[in-house]
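One-letter residues, chain by chain:
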Amino acid sequence: MKQTQVVARRRTTEDDITAEVLRRLDSAQDARLRRIMLSLIQHLHHFIKDVELTEAEWLQGIQFLTDTGKMSSDTRQEFILLSDTLGVSMVVDLINHRMPEGATESTVFGPCHHDGAPELATGSNLAPTDTAGMPTVVSGRVLDLQGRPIAGALLDTRQYDSTGRHDQPYEDKSRIRMRGMYHTGKDGRFVIRTSRPVAYEIPNDGPVGKLLRATDRHAWRPAHIHFVVSAEGFAPVTTHIFDSVDKYLESDAVFAVKESLICTFTEHHTRDEAAKQFNIEPPFCTAEFDFVLKPARR
């Protein structure tokens, strides 16, 4: 009786799948997309193999991403919040905004920005409804790399109020709070009246907040004011200034603090020269900061 020979077949391995996925990108016409996808797949597959991801963990990850998408809206981008808290946003920022010596460093844009801030006159109040905060005057100049003033530069300014909220959590969505657009004068100077910034928690009622708590991390950002500074002929910079005494400078939830952006907020408790200069009654704070822009690429 003729016996049938059994041929042993090689089992498919994890590396076989990775190699086949990569091979199928060979015909991709977009060279940049192909490069990105090759690297993404290689790193993603390596991560799965490295931690030996279980099916339950894989499903949990899928659910986390699903919940993150459901939490996102026109006024809250949970995926950007996730990117921020993983340090991804700051790595992208650093790669894309390498500054020459002397130029103001950039930092994260944030997940809650929206357009429509009003134009405000020099010295007018960004925070007229924030009566609980300490009155503060932020002033300085916008300069080029040679230290020359830039007239007409635009400072798109926003911050959280003294309770740690921006305008989105309020019931009246039609009102814009703690946001304004200021222009520099002929001497490149600006003056902004506001309230002293405070530390606040980033939104943590969604999947990103759950992840922070699961990894024993806090959700606090140090006190700061947001700026997008721009001028014709110059590259705009998205940045913050941080209060030098804040306890969260070394542990910012989104890794956005840079030493060059830390600013001294000086308290004034008597009617001194600053009070006369800015026509403000004590107690109040002053902060001085110069923004330096690099030329736009031609």
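Rules behind the numbers
- Residues numbered from 1 in each chain as written.
- Predicted model: local features only at pLDDT ≥ 70, side-chain atom pairs only at ≥ 80, totals over all residues.
- Heavy atoms only, no water.
- Helix = DSSP H or I, 4+ residues; strand = E, 2+ residues; numbered from the N terminus.
- Rg over C-alpha atoms; globule rule 2.2 N^0.38 Å.
- Buried < 20%, exposed > 50% of the residue type's maximum accessible area, 1.4 Å probe, protein only.
- Contact = heavy atoms within 4.5 Å.
- Areas by Shrake-Rupley, 256 points an atom, 1.4 Å probe, with all protein chains shown as cover.
- Axes fitted to C-alpha atoms, helices over the stretch in contact; angles between N-to-C directions.
- Parallel < 35°, antiparallel > 145°, perpendicular 65-115°, else oblique.
- Nonpolar A, V, L, I, M, F, W, Y, C, P; charged D, E, K, R; others polar.
- Salt bridge = Lys/Arg side-chain N within 4 Å of Asp/Glu carboxyl O.
- Disulfide = S-S within 2.5 Å.
- Expected span 1.5 Å × (residues − 1).
- Arc of directions from axis to C-beta.
- Polar contact = N/O pair within 3.5 Å; in protein donor to acceptor, adjacent residues only side chain to side chain.

Student: Would you mind going over the overall build of the protein chain in detail, with residue names and values included?
Tutor: When its secondary structure is counted, the protein chain shows seven helices and twelve strands. On C-alpha atoms alone, the protein chain measures out to a radius of gyration of 25 Å, which is more than a quarter above the 19 Å that the 2.2 N^0.38 rule sets for 298 residues. Over its C-alpha atoms, taken along the principal directions, the protein chain stretches across nearly 110 × 45 × 35 Å. In the protein chain, buried positions account for 40% of the 298 residues. A separation threshold of at least 6 residues defines the contact pool for the protein chain, and within that pool the share at least 24 residues apart is 70%. Put simply, the protein chain shows about 18,100 Å² of open surface, and 53% of that area lies on carbon and sulfur atoms.

Student: An account of the packing of helix H4 (residues 78-85) against helix H6 (residues 207-214) is requested, with residue identities and associated values reported.
Tutor: Running from N to C, H4 and H6 cross one another at 25 degrees; their axes reach a closest spacing of 9 Å. Comparing their axes, H6 and H4 come out roughly parallel. Across the interface between the two elements, Glu78, Leu81, Leu82 and Thr85 of H4 pack against Pro207, Val208, Leu211 and Leu212 of H6. Its residues assigned to classes, the contact of H4 with H6 comprises six nonpolar, one polar and one charged.

Student: Explain the pattern of salt bridges residue by residue, including any values.
Tutor: With the rule as written, the count across this model stands at 16 salt bridges. Taken together, the salt bridges that share partners define one network made up of Glu20, Arg23 and Arg24.

Student: Could you give an account of the state of the cysteines, naming the residues involved and the relevant values?
Tutor: Following the criterion strictly, the structure yields zero disulfides and no others. There is no disulfide at Cys263, and the cysteine sulfur nearest it, in Cys285, is 11 Å away.

Student: Residue-level account of helix H2 (residues 31-51), with values.
Tutor: Taking 1.5 Å as the rise per residue, H2 with 21 residues should run 30 Å; its terminal C-alpha atoms sit 31 Å apart, in good agreement. Listed as buried for H2 are Leu38, Ile41 and His45. Burial along H2 is one-sided: seen end-on, the buried residues are contained in an arc of 70 degrees. Residues of H2 that are exposed and angled more than 90 degrees away from the buried face: Arg32, Arg35, His43, His46 and Asp50. For H2, the side-chain oxygen to backbone nitrogen distance between the N-cap and Arg32 is 3.1 Å, and the N-cap itself is Asp30. Immediately downstream of H2, the backbone of Glu52 shows phi near 50 degrees, a positive value.

Student: Please provide a residue-by-residue account of unusual backbone geometry, values included.
Tutor: Residue Pro283 is reached from Pro282 by a cis peptide bond, and omega for that bond is 0 degrees. Along the chain, Pro283 turns up in the loop between helix H7 (273-278) and strand S11 (284-288). Despite not being glycine, Asp216 shows a phi value in the positive range, around 55 degrees. Position of Asp216 among the secondary structure elements: in the loop between H6 and strand S6 (220-221). Phi at Phe255 is positive, roughly 60 degrees, even though this residue is not glycine.

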